[in-house]
Amino acid sequence: MAERGLVVSAPGKVILHGEHAVVHGKAALAVALGLRTFLCLRPGGEERLRVRLPGVGVLRSWERPGLRALRGRLEADFDESKPPSAELLEALKEFAGIPAEASAPDSLAILAFLYMCLAISAKYGDIPSVDIVVWSELPTGAGLGSSAAYAVCLAAALLHACGAISCPLKDGETTARWTEEEMTLINSWAFQGERVIHGNPSGVDNAVGTWGGALRYQSGKIKSLKRVPTLRILLTNTKVPRSTKVLVAGVKEKILKFPAIMNPVLDSIDAISQECQSVLEAMPANPSPEHYPVLEELFDINQHHLNVIGVGHPSLDRLCRVTASHGLHSKLTGAGGGGCGITLLRPDTTPLAVEAAKRDLCACGFECWETDIGAAGVTLHSSSSLSAQVLHALSEG
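Computed from a prediction, not measured in an experiment: that's the story for all the values here. Each residue is numbered by its place in its chain's sequence as written, counting from 1. With pLDDT at 70 or above as the cut-off, local features in this predicted model cover only qualifying residues; side-chain atom pairs require 80 or more to be listed or tallied, and sums for whole chains, interfaces and linings still use all residues. In computing side-chain properties, one takes all heavy atoms of the structure into account and sets aside hydrogens as well as water.

### Description of the overall build of the chain
Scanning the chain from N- to C-terminus turns up twelve helices and 13 strands. Against the globule reference of 21 Å for 397 residues, the chain gives a C-alpha radius of gyration of 21 Å, in line with a compact fold. Summarising its shape, the C-alpha atoms of the chain cover approximately 60 × 50 × 40 Å along the three principal directions. Note on contacts: a residue pair is in contact if any heavy atoms of the two residues lie within 4.5 Å. Across the chain, contacts joining residues at least 24 apart in sequence account for 76% of those joining residues at least 6 apart. Calculation of accessible area relied on Shrake-Rupley with a 1.4 Å probe; when residues are assessed, cover is drawn exclusively from the protein chains displayed. Taken as a whole, the chain presents about 16,600 Å² of accessible surface, with 55% of it coming from carbon and sulfur. The secondary structure listing takes helices from DSSP runs of H or I that are at least 4 residues long and strands from runs of E that are at least 2 residues long, numbered from the N terminus. Radius of gyration here uses only the C-alpha atoms, and the compact-globule reference equals 2.2 Å multiplied by the residue count raised to the power 0.38.

If you want it as structure tokens, here you go:
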């Protein structure tokens, strides 16, 4: 199984504070989620490259000579400082038999894989003969950075397969991380993968997937927060679909209509992000229980603000009411209008209270995970550090 291969994982992300305000130049705090995407890279047989994504039902393999010929034709277009051109993506779609307008997760995953494989090998060596299996704990399309976690894992695995980065895992170690320099390289290629999937991403999701912990994002600048605590949360997917584009447009319209009312709300959301950052940075050196009521209150205030700017939803109100009945505090995370919410769990929140809250949330038809935020970024694993579920999912079975 995974013993003869290399296993890489990267976390998903949630926005802790600052969603929507970030579009208008305010700060947002993004944190790495305990739910991860795992990739197993094994030496492949014969002259071929194979990729399997059981979560989205993909199993594809290509002959290396065919991929080399395609790479030779497109070589001039591979430039990681620029977004992939429409012509390049069209040629890749044609090669993979993907319809021109395809936007389903499986098609985009194959496209990103092909692009990254050809572009990375064009710069660092030959197309590797490998078998790649990717499996994720993250639901797709829920605003949890699943595509970025995939792109980060792919970047790390392909850069390693082409000899561009080392294998930092020593005998006897269960996990290892790359150097800062190598992670910068992983991040830059993961960003290219995100560009294939999303067109014009901010770069936040892949940065969280690479470095983990917590990041502050403002006006295109990404800053890693030094030493943040790991916090326990419930992550709840209301499963209510929404369009981020429509929600963002709605907020903009409200700001134009009522600038004197809405701009102070955005300033207040910005102040919440700043306050939360101060608390998070103070916690590792002084792990006092006093920090938790402050974080809970910031959740409550921000959730009200998000309702005020028009991105709430009855399903999210319900989530907040259900968790409040168990003495817990929640807010939406991401675009709103449905989607996901996060609930903070204090260190003294009993397993019984957590189970009761989860049961009530699931009774609403929601999906619920107990996990944490502030998780490690891209990581290399030995088989012994992986759960039976992950090993099974990555096995050839």
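There is more to say, and it comes next.
### Describing the pattern of salt bridges
Salt bridges are counted wherever a side-chain nitrogen of Lys or Arg sits within 4 Å of a carboxyl oxygen of Asp or Glu. All told, the structure shown has 15 salt bridges when counted by the stated rule. As a salt-bridge pair, arginine 232 and glutamate 370 come within 3.5 Å of each other at their nearest N and O atoms. Of this pair, arginine 232 sits in strand E9 (residues 231-237) while glutamate 370 sits in strand E12 (residues 367-373), and the two are 138 residues apart along the sequence. In this structure, the salt-bridge partner of arginine 346 is glutamate 296, at a minimum N-O distance of 2.6 Å. Residue arginine 346 is found in the loop between strand E11 (340-345) and helix H11 (351-363), and its partner glutamate 296 is found in helix H9 (residues 291-308); the two are separated by 50 residues along the sequence. The exposure class assigned to glutamate 296 is buried, which follows from its relative accessible area of 6%. Counted as one network, the salt bridges with shared partners bring together Glu47, Arg64, Arg68 and Asp126. Think of it in three bands: residues with accessible area under 20% of the maximum for their type are buried, residues over 50% are exposed, and the middle band is partly exposed, with areas taken using a 1.4 Å probe on protein chains only.

### Here we look at the packing of aromatic side chains
Paired rings are identified among Phe, Tyr and Trp, the last through its six-membered ring, by centres lying within 6.5 Å, and are further divided according to the angle between planes into stacked (under 30 degrees), edge-to-face (over 60) and tilted (the rest). The tally for this structure, following the rule as stated, stands at three aromatic pairs. Geometrically, the ring pair formed by phenylalanine 38 and tryptophan 135 is stacked, given 6.4 Å between the ring centres and 25° between the ring planes. With phenylalanine 38 in strand E2 (residues 28-43) and tryptophan 135 in strand E5 (residues 130-136), the pair connects residues that are 97 residues apart, well separated along the chain. Taking the relative accessible area as the measure of exposure, phenylalanine 38 reaches 6% and is therefore buried.

### Focus on helix H6 (residues 204-211)
Summarising burial for H6: seven of the eight residues are buried, a large majority. At the exit of H6 stands glycine 212, carrying a positive phi of roughly 70°.

### Some points on the pairing of strand E4 (residues 58-63)
Whether two strands pair depends on DSSP finding at least two bridges between them. With six bridges connecting them, strand E3 (residues 48-53) and E4 associate as antiparallel partners. When the sheet's bridge partners are listed, arginine 48 is paired in E4 with glutamate 63. Linking E3 to E4, which pair antiparallel, is a turn of four residues; within it glycine 57 sits at a positive phi near 70°.

### Structural notes on the environment of threonine 323
With respect to the helices and strands, threonine 323 occurs in helix H10 (residues 314-324). Along the sequence, threonine 323 and leucine 361 sit 38 residues apart, while their C-alpha atoms lie 7.9 Å from each other. Other than its neighbours up to four places away in sequence, threonine 323 contacts Leu328, Ser330, Thr343 and Leu361.

### Overview of helix H1 (residues 64-74)
All buried positions along H1 are accounted for by Arg64, Leu67, Leu70, Arg71 and Leu74. Viewed end-on, H1 has its buried residues packed into an arc of 125°, placing them on one side of the element. To be clear, the arc concerns the directions from the helix axis to the C-beta atoms.

### Thoughts on a negative patch on the surface
Grouping into patches uses exposed residues only, defined as over 30% relative accessible area, and leaves out salt-bridged ones; the cut-off is 9 Å for like charges and 5 Å for nonpolar side chains (Val, Leu, Ile, Met, Phe, Trp, Tyr). The convention is simple: Lys and Arg are positive, Asp and Glu are negative, and His and the chain ends are not counted. Throughout, a charge is located at the NZ atom of Lys, the CZ atom of Arg, the CG atom of Asp or the CD atom of Glu. On the surface, Asp77, Glu87, Glu90, Glu94 and Glu101 cluster together into a negatively charged patch. With respect to the helices and strands, glutamate 101 occurs in the loop between helix H2 (86-96) and helix H3 (105-124). Judged by its relative accessible area of 73%, glutamate 101 falls in the exposed class.

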